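# Observations on chain architecture
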Amino acid sequence: MIEILNPTELARAKATGALVADILYACKDRSGVGTNLLEIDQWAATMIKEAGAQSCYVDYAPSFGRGPFGRYICTAVNDAVLHGMPHDYTLADGDLLTLDLAVSLGGVAADSAISFVVGESRPAESVAMISTTERALGAGIAAAGPGARIGDISHAIGSVLSAAGYPINTEFGGHGIGSTMHQDPHIANTGRPGRGYRLRPGLLLALEPWVMADTDELVTDADGWTLRSATGCRTAHSEHTIAITGDGAEILTLPTRAR
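## Quick word on the overall build of the chain
Looking only at helices and strands, the chain features 4 helices and 14 strands. Taken over the C-alpha trace, the chain has a radius of gyration of 17 Å; the compact-globule value for 259 residues is 18 Å, and the two agree within 12%. Relative to its 259 residues, the chain shows a buried fraction of 55%. By sequence separation, contacts in the chain at least 24 residues apart represent 69% of the contacts at least 6 residues apart. Carbon together with sulfur atoms contributes 51% to the accessible area of the chain, which is approximately 10,300 Å² in total.

## A short note on the packing of helix α1 (residues 7-30) against helix α2 (residues 37-50)
Across the interface, α1 lies against α2 with an axial gap of 10 Å and an inter-helix angle of 145°. In this structure, α1 meets α2 at a crossing whose hand is right-handed. Within the contact between the two elements, α1 uses I23, A26, C27 and R30 and α2 uses I40, W43, A44, M47 and I48. Looking at the contact of α1 with α2 residue by residue, the classes come out as 8 nonpolar, no polar and 1 charged.

## Quick notes on the nonpolar core
Counting 26 residues, the largest nonpolar core has I23, C27, I40, I73, L97, L99 and L101 as the members making the most contacts within it. Counting residues per element, the ones that place at least two in this core are α1, α2, β4 (96-105) and β5 (108-117). Examining the composition of this core, we find that 7 residues originate from one element, α2, more than from any other. Aside from chain neighbours lying at most four places away, what touches L99 is L24, C27, K28, I40, I73, C74, T75, S112, A113, I114 and F116. In this structure, V117, I130, I153 and I187 belong to the second largest nonpolar core, which totals 25 residues.

## Digging into the sheet that holds strand β11 (residues 227-229)
Strand order in this open sheet of 3 strands is β3-β11-β10, and the pairing throughout is antiparallel. Edge positions in the sheet fall to β3 (80-82) and β10 (218-220), since each has one partner strand and no second. Strand-to-strand twist across the sheet, computed as the mean angle between neighbouring axes with direction ignored, equals 45°.

## Considerations on the side chain of Q183
With respect to the helices and strands, Q183 occurs in strand β7 (residues 183-187). Looking at Q183, its side chain comes within polar contact range of the side chain of T180, at 3.0 Å. If near-sequence neighbours (up to four positions away) are discounted, Q183 is found in contact with M1, E3, H175, G176, I177 and G178.

## Remarks on the state of the cysteines
Applying the stated criterion across every chain yields a total of 0 disulfides. Here C27 stays free of any disulfide, with the sulfur of C74 as its closest cysteine sulfur at 12 Å. Judged by relative accessible area, which is 0%, C27 ranks as buried. The structure places no disulfide on C233, whose sulfur is separated from the nearest cysteine sulfur, that of C74, by 19 Å. Of the residues examined, C233 reaches a relative accessible area of 9% and is grouped as buried.

Conventions and cut-offs
Residues numbered from 1 in each chain as written. Predicted model: local features only at pLDDT ≥ 70, side-chain atom pairs only at ≥ 80, totals over all residues. Heavy atoms only, no water. Helix = DSSP H or I, 4+ residues; strand = E, 2+ residues; numbered from the N terminus. Rg over C-alpha atoms; globule rule 2.2 N^0.38 Å. Buried < 20%, exposed > 50% of the residue type's maximum accessible area, 1.4 Å probe, protein only. Contact = heavy atoms within 4.5 Å. Areas by Shrake-Rupley, 256 points an atom, 1.4 Å probe, with all protein chains shown as cover. Axes fitted to C-alpha atoms, helices over the stretch in contact; angles between N-to-C directions. Left-handed = near helix turned anticlockwise from the far one by under 90°. Nonpolar A, V, L, I, M, F, W, Y, C, P; charged D, E, K, R; others polar. Core = buried A, V, L, I, M, F, W, Y, C linked by side-chain atoms within 4.5 Å. Pairing = 2+ DSSP bridges. Polar contact = N/O pair within 3.5 Å; in protein donor to acceptor, adjacent residues only side chain to side chain. Disulfide = S-S within 2.5 Å.

Written out as structure tokens, the structure is:
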């Protein structure tokens, strides 16, 4: 299903996007050496409930997971990259942490992810990988606009990732979003320009470049959800929800302090 939002729904989407971003960055600001992943999940749960929003994760039970997920935020550490289930793990200096969050507010969902290094250490490879996903996300957003096609976004993202030397997995990628978290169209992180669905104003998309340092192969953790690099290498993931407008693309998942 592909939804096109009307102006009232788009206004709700903007509010949802701001909430998602504010929760993500509040969790980032509070996370440090010694923080337990279950603490982060509890912070997210409290902020979602206080905002009168609904988690898109806690009852989520798709075919690719051992559902329901049962947590409020995804926390992926080091070799984990997607669907990281919070568990009893205490963050250490130099850990690469990805926080991924989707909530619904007023009947419209938004989805975003950020990666960062915990503590004082700054491993050069990790910093470079995070930067690459952020640059790829920016390229994908720049390629999105009325009349463009999904393949244009995929090509823009993939060009940045490939130029940096990262293998690209196309099994999981970006997606449409609206009244539910995951909708068509699928947005692979590499592709051919000029192909696929033509973008229209009112369309919401979640773009999410993610990479693993030296492989494109994923393995599923024993929890049935967390996806890790097959080689144990580090990973990074950046994501924004955007709205296609008459002029281009508007990022909805910027924190209030950045607006």
